[in-house]
Amino acid sequence: MDPVVVPILVAAIVVVFLVASAVRIVPQARRYNIERFGRYRRTLQPGLNLVIPVADRVNTKLDVREQVYSSDPRPVITEDNLVVNIDTVLYYQITDPRAAAYEVADYLQAIDQLTVTTLRNVIGSMDLEETLTSREEINSRLRAVLDDATGKWGIRVNRVEIKAIDPPHTIKEAMEKQMRAERDKRAAILHAEGERQAKILTAEGTKQKDILEAQGTQQAMILRADGEAKAVELVFQAVHRNNADPKVLAYKYLETLPHLASSDNNTFWVIPGELTEAVRTVTSAFSDQSPAGPPKPAQPEKAATADADDTSQESLIPELVAGSTASLDAATAAEEAEKQAAAAVSDAKAEAEAAMSPQVPRREQTSGD
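Predicted, not measured: the structure shown is a model, and the values here were computed from it.

Engineer: Is there a simple way to explain the sheet that holds strand β5 (residues 56–63) in this structure?
Structural biologist: By definition, the strands of a sheet pair up through backbone hydrogen bonds, in either a parallel or an antiparallel sense. Read across the open sheet, the three strands follow the order β3-β2-β5; overall the sheet is antiparallel. Since the sheet does not close on itself, it has two edges, and those belong to β3 (39–44) and β5, each with one partner. Direction aside, neighbouring strands of the sheet carry axes that sit 25 degrees apart on average. Direction of pairing for strand β2 (residues 30–36) relative to β3: antiparallel, over a ladder of five bridges. Residue pairing across strands places Y32 opposite L44, the latter belonging to β3.

Below you can see the structure in the form of structure tokens.
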């Protein structure tokens, strides 16, 4: 081999190495800190960058995208002396690569320790109930402290979230019992409220029903009374318009008398005192229906018979009145009164027919003479 070729090859290799060492390609969202002879020189931006070989070197490569850091559960004591385990989630972003590399040795460890100490200060001023229900307040206070402390490290804390708060097992059981009791209480209250509403609605429905039934009964009674009043008025007008005499009224009185005991609701019934006068009036009415002309005196036997009938009828009526006014059974008294009234009417009709029958033989005897 030619001795001149060897130095040329060595020089070419050195040149290629120097060129490769002088070129630095930085990816997107990355930042490289360059040191020249051990001193910070500059931060390379994304793209093609040239450096001095041997003199410049890359110290740290940093990612400026937003990153997530989840810490391990840490024990924290609350104000009411209960130990709870709390783990947090931290969202941060590097804004100054130089400060993140040279202001703090390990920014992740520094952020973690600062989070724990701040969390213990915040939780130490709260009891368990407030700790469980005040996550937003805890997050905002943590973020304010971390953002203020990490600003000089070239890091911006965008968000801090409490991932879990784990109280002791006994506290969990007590909380579960309390929640179960609260649910049972709400269920009992809702059930009682439902029953109360149901009873109120039922009572209102019953009230409306009773009111409507009472109004219906009232209207029916009013209409029935109006009908009876109009019927009585029509009968009264018809009687006065036709000028009915006492004989007709007495006869209608006797016809109506049996109907007084026809109702099933009658428990006590009294025969009116006007019954004797009504029977006499009807008897005289049928006796006065003879033909025109002066009536002839009746034979002694028939007159005696008529007197006996009058006597028997008059004796029958006081017995009827006396027997009816006694304290008998309601049904028996009604039946007896009905029978006696019908018998009185039939006797009156028979007497009237007997009074009219002797006139026929007299006419035959007169014609024979």
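The rest of the description comes next.
Engineer: What should I look at first to understand the confidence of the model for the protein in this one?
Structural biologist: Parts of the model with low pLDDT should not have their predicted coordinates read in detail. For the protein, the average pLDDT comes to 75, and 66% of its residues sit at 70 or higher. Averaged over each element, pLDDT in the protein is lowest for helix α11 (residues 359–368) (41) and highest for β2 (91). Per-residue pLDDT stays below 50 along residues 289–330; that stretch engages in 33 contacts with residues further than four places along the chain or on separate chains.

Engineer: What exactly am I supposed to notice about unusual backbone geometry here?
Structural biologist: What you tend to see is this: most non-glycine residues have negative phi, and most peptide bonds are trans. Unusually for a residue other than glycine, V54 sits at a positive phi of about 70 degrees. By secondary structure assignment, the location of V54 is in the loop between β4 (47–50) and β5. In this model, N81 sits at a positive phi of 60 degrees, which is unusual for a non-glycine residue. Of note, N81 is situated in the loop between β7 (74–77) and β8 (83–94).

Engineer: Looking at this structure, I do not really get the pattern of salt bridges. What am I missing?
Structural biologist: Pairing between side chains of opposite charge can happen when the charged atoms of each approach one another. Tallying each qualifying case throughout the model produces nine salt bridges. Here R30 ties to D63 by a salt bridge, and the two come within 3.6 Å at their closest N and O atoms. A residue pair is termed long-range when its members are at least 10 positions apart, and R30 in strand β2 and D63 in strand β5 qualify at 33 residues. The salt bridge involving R65 is made with D63; its shortest N-O contact spans 2.7 Å. Judged by relative accessible area, which is 46%, R65 ranks as partly exposed. One connected set of salt bridges, linked through shared partners, spans R30, D63 and R65.

Engineer: Explanation requested: a nonpolar patch on the surface in the structure shown.
Structural biologist: Taken together, the side chains of V6, V10, V14, F17, L18 and V54 make up a nonpolar region of the molecular surface, amounting to roughly 550 Å² of accessible area. Relative to the assigned elements, V10 resides in helix α1 (residues 5–22).

Engineer: Teacher, can you tell me more about the side chain of T43 here?
Structural biologist: Along the chain, T43 turns up in strand β3. Of the polar contacts made by the side chain of T43, one reaches the side chain of N33; its length is 3.0 Å. Excluding its chain neighbours within four sequence positions, the residues that come into contact with T43 are R31, Y32, N33 and P97.

Engineer: What is the right way to look at the packing of aromatic side chains in this model?
Structural biologist: Each pair of aromatic rings is reported with the distance of its centres and the angle of its planes. Taken as a whole and judged by the stated rule, the model has two aromatic pairs. Aromatic pair Y40 and Y102: ring centres 5.6 Å apart, planes at 65 degrees, arrangement edge-to-face. In this pair, Y40 sits in strand β3 while Y102 sits in helix α2 (residues 97–102), placing the two residues 62 residues apart along the sequence. Taking 6.1 Å as the distance between ring centres and 65 degrees as the angle between the ring planes, the aromatic pair formed by Y92 and Y107 counts as edge-to-face. Residue Y92 is located in strand β8, and its partner Y107 is located in helix α3 (residues 107–123); the two are separated by 15 residues in the primary sequence.

Engineer: How do you make sense of the packing of α3 against helix α5 (residues 135–150) when you look at a structure like this?
Structural biologist: Geometrically, a packed helix pair is captured by the angle between its two axes and the distance between the axes. The contact between α3 and α5 brings their axes to 10 Å, and the two run at 140 degrees. What the angle tells us is that α3 and α5 run oblique. Viewed along their axes, α3 and α5 form a crossing whose handedness is right-handed. Residues I111, L114, T115, T118, L119, V122 and I123 of α3 pack against I138, R141, L142, V145, L146, A149 and T150 of α5. For the contact of α3 with α5, the residue count by class is ten nonpolar, three polar and one charged.

Engineer: Quick question: what am I supposed to make of the nonpolar core here?
Structural biologist: A general trend in soluble globular proteins is that nonpolar side chains are found buried together. I86, L90, L119, I138 and I155 are the most contacted members of the largest nonpolar core, which totals 27 residues. Counting residues per element, the ones that place at least two in this core are β8, α3, α5 and β9 (155–166). Broken down by element, this core gets its largest block of residues, six residues, from α3.

Engineer: Help me understand a positive patch on the surface, please; the structure alone is not making it clear to me.
Structural biologist: On the surface, K177, R180, R183 and R186 cluster together into a patch of positive charge. Here K177 shows up in helix α6 (residues 169–242). Of the residues examined, K177 reaches a relative accessible area of 58% and is grouped as exposed.

Engineer: Whenever I open this one, a negative patch on the surface confuses me. Can you help?
Structural biologist: A contiguous patch of negative charge on the surface is contributed by E79, D80, E129 and E130. Position of E79 among the secondary structure elements: in the loop between β7 and β8.

Engineer: Explanation requested: the environment of A101 in the structure shown.
Structural biologist: As for its placement among the helices and strands, A101 is situated in helix α2. Through-space distance from the C-alpha of A101 to that of W153 is 8.3 Å; in sequence the pair is 52 residues apart.

Engineer: Mind showing me how you'd approach the side chain of D56 here?
Structural biologist: Inspection of the secondary structure assignment puts D56 in strand β5. Judged by relative accessible area, which is 7%, D56 ranks as buried. A distance of 2.6 Å separates polar atoms of two side chains, one belonging to D56 and the other to R36. Not counting the four nearest positions on each side in its chain, D56 is found in contact with I34, E35, R36 and V51.

Thresholds applied
- Residues numbered from 1 in each chain as written.
- Predicted model: local features only at pLDDT ≥ 70, side-chain atom pairs only at ≥ 80, totals over all residues.
- Heavy atoms only, no water.
- Pairing = 2+ DSSP bridges.
- Helix = DSSP H or I, 4+ residues; strand = E, 2+ residues; numbered from the N terminus.
- Axes fitted to C-alpha atoms, helices over the stretch in contact; angles between N-to-C directions.
- pLDDT = per-residue confidence, 0-100.
- Contact = heavy atoms within 4.5 Å.
- Salt bridge = Lys/Arg side-chain N within 4 Å of Asp/Glu carboxyl O.
- Buried < 20%, exposed > 50% of the residue type's maximum accessible area, 1.4 Å probe, protein only.
- Patch = residues over 30% accessible without salt bridge, like charges linked within 9 Å, V, L, I, M, F, W, Y side chains within 5 Å.
- Areas by Shrake-Rupley, 256 points an atom, 1.4 Å probe, with all protein chains shown as cover.
- Polar contact = N/O pair within 3.5 Å; in protein donor to acceptor, adjacent residues only side chain to side chain.
- Phe/Tyr/Trp six-rings, centres within 6.5 Å; stacked < 30°, edge-to-face > 60°.
- Parallel < 35°, antiparallel > 145°, perpendicular 65-115°, else oblique.
- Left-handed = near helix turned anticlockwise from the far one by under 90°.
- Nonpolar A, V, L, I, M, F, W, Y, C, P; charged D, E, K, R; others polar.
- Core = buried A, V, L, I, M, F, W, Y, C linked by side-chain atoms within 4.5 Å.
- Lys, Arg positive; Asp, Glu negative; His and termini not counted.
- Charge placed at Lys NZ, Arg CZ, Asp CG, Glu CD.

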